[in-house]
Amino acid sequence: MTTSAAPKRYLPTSPFKAPVTLPPEQFAVGDQVTHDVYGLGRVIGLEDGIAVLVDFGSLRERILSPYAKMTKL
């Protein structure tokens, strides 16, 4: 049996800082990117805030938002 951990709720009276959520990075067609698993690639397609299609040379991958393992160069 697997259990998924739900994000903890922030209480306004907490002495600790509120968790920071950064907006997902914005990509454009033609942007050169690097991915932790697939390496260097170029964005060839966009799906408004849902996913980007990236050509990594030997393969094409659809990377879903929030693009945690991908950065723009």
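Residues numbered from 1 in each chain as written. Predicted model: local features only at pLDDT ≥ 70, side-chain atom pairs only at ≥ 80, totals over all residues. Heavy atoms only, no water.

A. Summary view of the packing of aromatic side chains. Considering all chains together, one arrives at 2 aromatic pairs under this definition. Taking 5.1 Å as the distance between ring centres and 90° as the angle between the ring planes, the aromatic pair formed by phenylalanine 27 and tyrosine 67 counts as edge-to-face. Here tyrosine 67 lies in the loop between strand E4 (60–64) and strand E5 (70–72) and phenylalanine 27 lies in the segment before strand E1 (32–35), a separation of 40 residues in the sequence. Aromatic pair tyrosine 38 and phenylalanine 56: ring centres 5.2 Å apart, planes at 35°, arrangement tilted. A residue pair is termed long-range when its members are at least 10 positions apart, and tyrosine 38 in the loop between E1 and strand E2 (39–47) and phenylalanine 56 in the loop between strand E3 (51–55) and E4 qualify at 18 residues. Among the residues examined, phenylalanine 56 registers a relative accessible area of 8% and is labelled buried. (Phe/Tyr/Trp six-rings, centres within 6.5 Å; stacked < 30°, edge-to-face > 60°. Helix = DSSP H or I, 4+ residues; strand = E, 2+ residues; numbered from the N terminus. Buried < 20%, exposed > 50% of the residue type's maximum accessible area, 1.4 Å probe, protein only.)

B. Representation of the pairing of E1 within the structure. Across the two faces of E1 the burial differs, with Val33 and His35 buried and Gln32 and Thr34 not buried at all. Pairing between E1 and E2: 4 bridges, direction antiparallel. In the strand pairing of E2, histidine 35 is matched with glycine 39. Once E1 ends, the chain turns through 3 residues before running back antiparallel as E2. Sheet topology note: the E1/E5 ladder contains 3 bridges and is antiparallel. Among the inter-strand pairings, valine 33 is bridged to a residue of E5, identified as lysine 72. (Pairing = 2+ DSSP bridges.)

C. Broad picture of the pattern of salt bridges. Tallying each qualifying case throughout the model produces 2 salt bridges. The salt bridge partner of lysine 72 is aspartate 31, with a shortest N-O separation of 3.7 Å. Of this pair, lysine 72 sits in strand E5 while aspartate 31 sits in the segment before E1, and the two are 41 residues apart along the sequence. Overall, lysine 72 belongs to the partly exposed group, its relative accessible area being 37%. (Salt bridge = Lys/Arg side-chain N within 4 Å of Asp/Glu carboxyl O.)

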